[in-house]
Amino acid sequence: MSHKKTMPAQFITFEGGEGVGKSTNIEYCRQLLEQQGIDVVVTREPGGTEIAEIIREALLKKPHNERMSDITELLLVFAARAQHIEAFVKPALERGCWVLCDRFTDSTIAYQGYGRGLKLDTISQLKTIAQMGIEPDKTFLLDAPIDIGMGRAQARGPADRFEVEQLDFFTRVREGFLAIAKASPNRVHIINAAQQLTAVQADLKQALEQQKPEPK
Ligand code: T5A
């Protein structure tokens, strides 16, 4: 007999610039929720399914022998997302599982919109096609000054195709995330990721408590 509590499934995304601690803190949240008997899966974008991971490889590989056009990059991000939603996110939510996702469409708005300068209208149209009505219930935006996140990412390993971008690109990306948070204050919860890890996790624990709907 299952001892898992039946609670409405939640789709929670973790966003932010390079190396701000998304992977580390998703794992923390997963353990926290599991200890409370909640069914939870962790996934990431781009990626999360066999086909979407192949697209991720094309997006992150450095260097290709030709420059990837910005619009190709945008379409690949949404192709991966459409596959991920259809094959993984939607089925998990339908069986009552909480889905914790490392990056989602806010990253597209921040990186391809604010970073690359593609039109936010175009991104919005592709979002409607790819997401099939699926929206995050809550987004934790891990925000830290760029040098802090980049320093952590560089200490961890070789740079990918995005991590070799210049400071002004990442400045625009951070501004993009903060603009999204300002426009969607109910969904997006900003966490100060420049703090010590224990303080970041205390903030997340408190925010997750508020996110839990009443058990049925
Ligand atoms: N992308 C993605 C787009 O352009 N458009 C899109 O639509 C999408 C979905 C994906 C890339 O694709 C781009 C954006 C990205 O460039 P990724 O691997 O998901 O790449 O993204 P990264 O940000 O590169 O992921 P990282 O794994 O580098 O960073 P995380 O997950 O934010 O950080 P994490 O947890 O690995 O932590 C990094 C290091 O810092 C330490 C950790 O222990 C680790 O060593 N750390 C801390 N140290 C001190 N204090 C703290 N508070 C710490 N928090 C973590």
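Provided above is the structure to which this section pertains.
Each residue is numbered by its place in its chain's sequence as written, counting from 1. Note on the predicted model: pLDDT of at least 70 is required for a residue's local features to be given, and 80 or more for side-chain atom pairs to be given and counted; whole-chain, interface and lining totals, by contrast, use all residues. Side-chain figures throughout are based on the complete set of non-hydrogen atoms in the structure, without hydrogens or water.

1. Let's talk about the packing of aromatic side chains
Between 30 and 60 degrees the pair is tilted, below 30 it is stacked and above 60 it is edge-to-face, where a pair is any two Phe, Tyr or Trp rings, Trp via its six-membered ring, whose centres lie within 6.5 Å. Per the counting criterion, the structure on display carries six aromatic pairs. Relative to phenylalanine 140, the ring of phenylalanine 14 has its centre 5.6 Å away and its plane inclined at 55 degrees; by these criteria the two rings are tilted. Of this pair, phenylalanine 14 sits in strand β1 (residues 11-15) while phenylalanine 140 sits in strand β4 (residues 138-143), and the two are 126 residues apart along the sequence. Residue burial is assigned from relative accessible area. The probe radius is 1.4 Å, only protein chains are included, and a residue is buried under 20% of its type maximum, exposed over 50%, and partly exposed in between. We classify phenylalanine 14 as buried; its relative accessible area is 0%. Of the aromatic side chains, those joined through ring pairs into one cluster are Tyr111, Phe162, Phe169, Phe170 and Phe177. We note arginine 81 situated over the ring of phenylalanine 78; from NZ or CZ to the ring centre the distance is 5.0 Å. The ring of phenylalanine 104 carries arginine 81 above its face, with NZ or CZ at 5.2 Å from the centroid. Strands are runs of DSSP state E lasting at least two residues, helices are runs of H or I lasting at least four, and both sets are numbered from the N terminus onward. For a ring to carry a charge above it, either NZ of a lysine or CZ of an arginine must fall within 6 Å of the ring centroid while also lying within 35 degrees of the normal to the ring plane.

2. Side note on unusual backbone geometry
In this model, glutamate 45 is joined to proline 46 through a cis peptide bond whose omega is -10 degrees. By the element assignment, proline 46 lies in the loop between β2 (40-44) and α2 (50-60). Geometrically, the link from lysine 62 to proline 63 is a cis peptide bond, its omega value of -10 degrees lying close to zero. The residue proline 63 is located in the loop between α2 and α3 (70-94) in this model. In the Ramachandran plot, arginine 103 falls in the positive-phi region, its phi being about 75 degrees despite a non-glycine side chain.

3. Notes on the pairing of β4
With six of its six residues buried, β4 lies for the most part within the structure. The alternating pattern of β4 places Lys138, Phe140 and Leu142 and Thr139, Leu141 and Asp143 on opposite faces, both of which are buried. We treat two strands as partners when DSSP finds at least two bridges between them. Two strands pair when backbone bridges link them, and β1 and β4 are joined in this way by four bridges, in the parallel orientation. By the bridge assignment for β4, threonine 13 is matched with threonine 139. Taken together, the five bridges between β4 and strand β5 (residues 188-192) define a ladder with parallel strand orientation. Across the sheet, leucine 142 pairs through a bridge with isoleucine 191, a residue of β5.

4. Digging into the pattern of salt bridges
Any carboxyl oxygen of Asp or Glu that lies within 4 Å of a side-chain nitrogen of Lys or Arg is treated as forming a salt bridge with it. Evaluated as defined, the whole model comprises 16 salt bridges. Among the ionic pairs, arginine 161 bridges to glutamate 73, the shortest N-O distance being 2.8 Å. Of this pair, arginine 161 sits in the loop between α6 (146-156) and α7 (167-183) while glutamate 73 sits in helix α3; the two residues are 88 residues apart in sequence, bridging distant segments of the chain. As far as the burial class goes, arginine 161 and glutamate 73 line up, both buried. Each of Arg67, Asp70, Glu73, Arg116, Arg161 and Glu165 takes part in a single network of salt bridges with overlapping partners.

5. Here we look at empty space enclosed by the protein
Put plainly, a pocket is an open set of points on a 1 Å grid over the protein atoms alone with protein on both sides within 12 Å along at least five of seven lines, a cavity is a set where a 1.4 Å probe fits but cannot get out, and a lining residue has an atom within 4 Å of a point. Grid points are joined across faces, edges and corners, and a volume is the space filled by probe spheres set on the points. Summed over all chains, the structure comprises one cavity of 30 Å³ or more. Here the largest cavity defines a volume of roughly 130 Å³. Lining the largest cavity are 16 residues, with Gly17, Glu18, Ala144, Ile146 and Arg174 positioned closest to its centre. Elements with a contribution of two residues or more to the lining of the largest cavity: β4, α6 and α7. Considering each element in turn, the lining of the largest cavity owes the most residues, four residues, to α7. Split into classes, the residues belonging to the lining of the largest cavity amount to 10 nonpolar, three polar and three charged. In this count, Pro and Cys sit with the nonpolar residues alongside Ala, Val, Leu, Ile, Met, Phe, Trp and Tyr, while Asp, Glu, Lys and Arg are called charged and the others, Gly among them, polar.

6. Let's talk about the site of the ligand
Neighbouring the ligand are 28 residues; Glu18, Ser23, Thr24, Thr108 and Arg156 lie closest to it. Pairs of N or O atoms within 3.5 Å make up the polar contacts considered here, provided that, within protein, one atom can donate a hydrogen while the other can accept it, and that residues adjacent in sequence are counted only when both atoms are side-chain atoms. At a separation of 3.0 Å, an oxygen atom of the ligand approaches a polar side-chain atom of arginine 56. Residue glutamine 112 places a side-chain N or O atom 2.8 Å away from a nitrogen atom belonging to the ligand. To be clear on the numbers: accessible area is Shrake-Rupley with a 1.4 Å probe, and residue cover counts the displayed protein chains and nothing else. Computed on the free molecule, the ligand has an accessible area of 1,000 Å², of which 84% lies beneath the protein chains in the complex. A majority-of-atoms criterion places the ligand in the largest pocket. Elements that contribute at least two residues to the shell around the ligand include exactly α1 (22-35), α2, α3, α4 (105-115), α6 and α8 (197-211). The element contributing the most residues to the shell around the ligand is α4, with four residues. When grouped by side-chain class, the residues that make up the shell around the ligand number nine nonpolar, 10 polar and nine charged. The criterion for a residue being near a molecule or strand is simple. One of its heavy atoms has to lie within 4 Å of it. More than half of a molecule's atoms lying within 2 Å of a cavity's or pocket's grid points is what places that molecule inside it.

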